[in-house]
Amino acid sequence: MTTTAEPVQGDHRATYREVLAEPRFRLLFTTRTVAITADSLRITTFSVLVFTATGSALFSALAFGISFLPQLFGSLLFGSLADRLPPRALIACGYALECAAAVLLALVRMPIAASLGIVALIALATPLFSGASSRLVARWLEGDAYVLGRSLNNMASSGAQLFGLALGGAAVAVLGAHRALAVSAALYLGCALAVRLRLPRLEPGGSDGTSGSAAGDGGAVRASLRGASLLLRGRTVRRLMLAQWLPSAFVAGAEGLIVAYAGGRHFAPGWYAVLMGCLPVGMLIGDLLVGRLLRPPTRERLVVPLVVLMGLPLIGFAAEPGVGVSCALLLLTGSGFAYGLGLQRPFLDALPRDGQGQAFGLLGSGNMTLQGVGPACFGSVAEGIGTGGAIALAGGAAALTAGWILSWRRAP
């Protein structure tokens, strides 16, 4: 692998208008937002469908999280294809596969195990087309425009997840679970067609048109494992990946306990949904303020304080506060997620040019995997010390990662 030619430096502050003026980014941004809406709609609807068929909370939870862990295996085994294959075809095929899976779940009556297997199988391919898409964004947006592009994606992701959850509930109530899955299939199909018809045809690999991995490198699995090994052996890349994975995994562990916390505190029905919505709302606010108002060097200096802001409010749950205070604490925690904006430029600068697609795929799949593991770990802890104590413990762990990040960011 070769390193990037020259890191983007300077403190020029871009604007969201400049970022959205790039038509190719605008297309990827729009289709990604619609696809996340479809993801949320499909995940919640599939969970309802599985619970209705089995009456099992365990199977319903498996249906909700079945797409998390396979992404890591897909990234490790096939991640190099994100740099080897033409990106337009890869991204369009990814959305088409998601569409096909939703159609199968909607129209074909099959055993629950087979349904779960289909969702897991499609999840293996997710790092490929998401990595290819992220690589294109990094190519088309430079300097601070790239960071604001990531900020826009974060905000759109939060909003799309909220809208997808609401749409899923309404669609299931009005249409039934199977027809609601058909709605998600239509959204995926629209994304696939938009990418296929409007995204320019590009060659795989770097901006010079060369392939990211030569044919002589061997098969895709061997190249993927070798590429992932090289990425994770690099201390800078490894640290920056862990810095993006660990705090969000700890907060996800706390988020997974919100329903149980609301039930244990006997909050009125429906308040758990309000509490769960506070985190993405806080994320929207934090990304907007940090991305819009602060200059690039300031964002990078505030990484550690914002990680602390993610964790400290959750420690307040040790006192088992009521609804109002709980909402405020979760809003503050969500706003701390903006710390990731200060890591985007250093992370991109540290990546090899011919392995960016695999790196972005590995970053996303590792994040999803740890966010799936976090709730299980802290859910087990809650059995012993209660939900409030477990949420506080997760917050303390997130805050402690700030000290680890500070230790190596200050090192010469």
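Draft legend 1. Seen up close, the overall build of the protein. Regarding its fold elements, the protein presents 19 helices and 0 strands. Taken against the 2.2 N^0.38 rule, which gives 22 Å for 412 residues, the C-alpha radius of gyration of the protein at 21 Å falls within 12% of a compact globule. Judged by the C-alpha coordinates and their principal axes, the protein covers about 60 × 55 × 40 Å. Within the protein, buried positions represent 50% of all 412 residues.

Draft legend 2. Layout of the packing of helix α8 (residues 144–175) against helix α9 (residues 177–198). At a minimum axis separation of 7 Å, α8 and α9 run at an interaxial angle of 130 degrees. When the axis of α8 is compared with that of α9, the two are oblique. The way α8 lies across α9 gives a crossing that is right-handed. Each of Ala171, Val172 and Leu175 in α8 lies in contact with α9, whose residues at this interface are Ala177, Arg179, Ala180 and Val183. The class makeup of the residues in the contact of α8 with α9 is 6 nonpolar, no polar and 1 charged.

Draft legend 3. Spotlight on the pattern of salt bridges. For the coordinates displayed, the defined rule picks out 5 salt bridges. Here Arg24 makes a salt bridge to Glu22, at a shortest N to O gap of 2.9 Å.

Draft legend 4. Geometry of helix α4 (residues 69–78). Residues Pro70, Gln71, Gly74 and Ser75 constitute the buried set of α4. Angular distribution of buried residues about the axis of α4 spans 140 degrees; they occupy a single face of the element. The inward-facing, buried residues of α4 contact α7 (112–140), α10 (220–233) and α18 (356–385).

Draft legend 5. View of unusual backbone geometry. Positive phi, close to 60 degrees, is recorded for His266, a residue that is not glycine. By the secondary structure assignment, His266 is in the loop between α12 (258–264) and α13 (271–293). What makes His266 exposed here is its relative accessible area of 70%. With a phi angle near 50 degrees, Glu320 is a residue other than glycine that sits in the positive phi range. By secondary structure assignment, the location of Glu320 is in the loop between α15 (303–315) and α16 (323–335).

Draft legend 6. Representation of the nonpolar core in the model. Ranked by size, the top nonpolar core spans 81 residues in total, and within it Ile91, Tyr95, Tyr146, Leu199, Leu330 and Phe347 carry the most contacts. Excluding residues that lie within four positions of it along the chain, Tyr146 makes contacts with Val137, Ala138, Leu141, Gln344, Leu348 and Phe360. Among the nonpolar cores identified, the runner-up in size contains 10 residues, and Val50, Ala63, Val119 and Leu181 belong to it.

Draft legend 7. Molecular detail of the confidence of the model for the protein. Overall, the prediction assigns the protein a mean pLDDT of 84, with 90% of residues at 70 or greater. Element-level mean pLDDT values for the protein span from 64 in helix α3 (residues 57–65) up to 96 in α15. Note on residues 1–9: pLDDT is under 50 here. Beyond four places in sequence and across chains, it has 24 contacts. Low pLDDT (under 50) marks residues 206–217, which in the prediction has 17 contacts with non-local residues, meaning those over four places away or in another chain.

Draft legend 8. Region of interest: the side chain of Asp83. Along the chain, the position of Asp83 falls in helix α5 (residues 81–84). Relative accessible area serves as the criterion here: at 2%, Asp83 is assigned to the buried category. A polar contact is formed between the side chain of Asp83 and the backbone nitrogen of Gly357, at a distance of 2.8 Å. Among the polar contacts listed, one links the side chain of Asp83 to the backbone nitrogen of Gln358, at a separation of 3.0 Å.

Draft legend 9. Structural context of the environment of Ala399. Within the secondary structure, Ala399 is located in helix α19 (residues 387–409). Ala399 sits 87 residues away from Leu312 along the chain, and the two C-alpha atoms are 6.2 Å apart. Beyond its immediate stretch of four places on either side in the chain, Ala399 contacts Val307, Gly311 and Leu312.

What counts and what doesn't
- Residues numbered from 1 in each chain as written.
- Predicted model: local features only at pLDDT ≥ 70, side-chain atom pairs only at ≥ 80, totals over all residues.
- Heavy atoms only, no water.
- Helix = DSSP H or I, 4+ residues; strand = E, 2+ residues; numbered from the N terminus.
- Rg over C-alpha atoms; globule rule 2.2 N^0.38 Å.
- Buried < 20%, exposed > 50% of the residue type's maximum accessible area, 1.4 Å probe, protein only.
- Axes fitted to C-alpha atoms, helices over the stretch in contact; angles between N-to-C directions.
- Parallel < 35°, antiparallel > 145°, perpendicular 65-115°, else oblique.
- Left-handed = near helix turned anticlockwise from the far one by under 90°.
- Contact = heavy atoms within 4.5 Å.
- Nonpolar A, V, L, I, M, F, W, Y, C, P; charged D, E, K, R; others polar.
- Salt bridge = Lys/Arg side-chain N within 4 Å of Asp/Glu carboxyl O.
- Arc of directions from axis to C-beta.
- Core = buried A, V, L, I, M, F, W, Y, C linked by side-chain atoms within 4.5 Å.
- pLDDT = per-residue confidence, 0-100.
- Polar contact = N/O pair within 3.5 Å; in protein donor to acceptor, adjacent residues only side chain to side chain.

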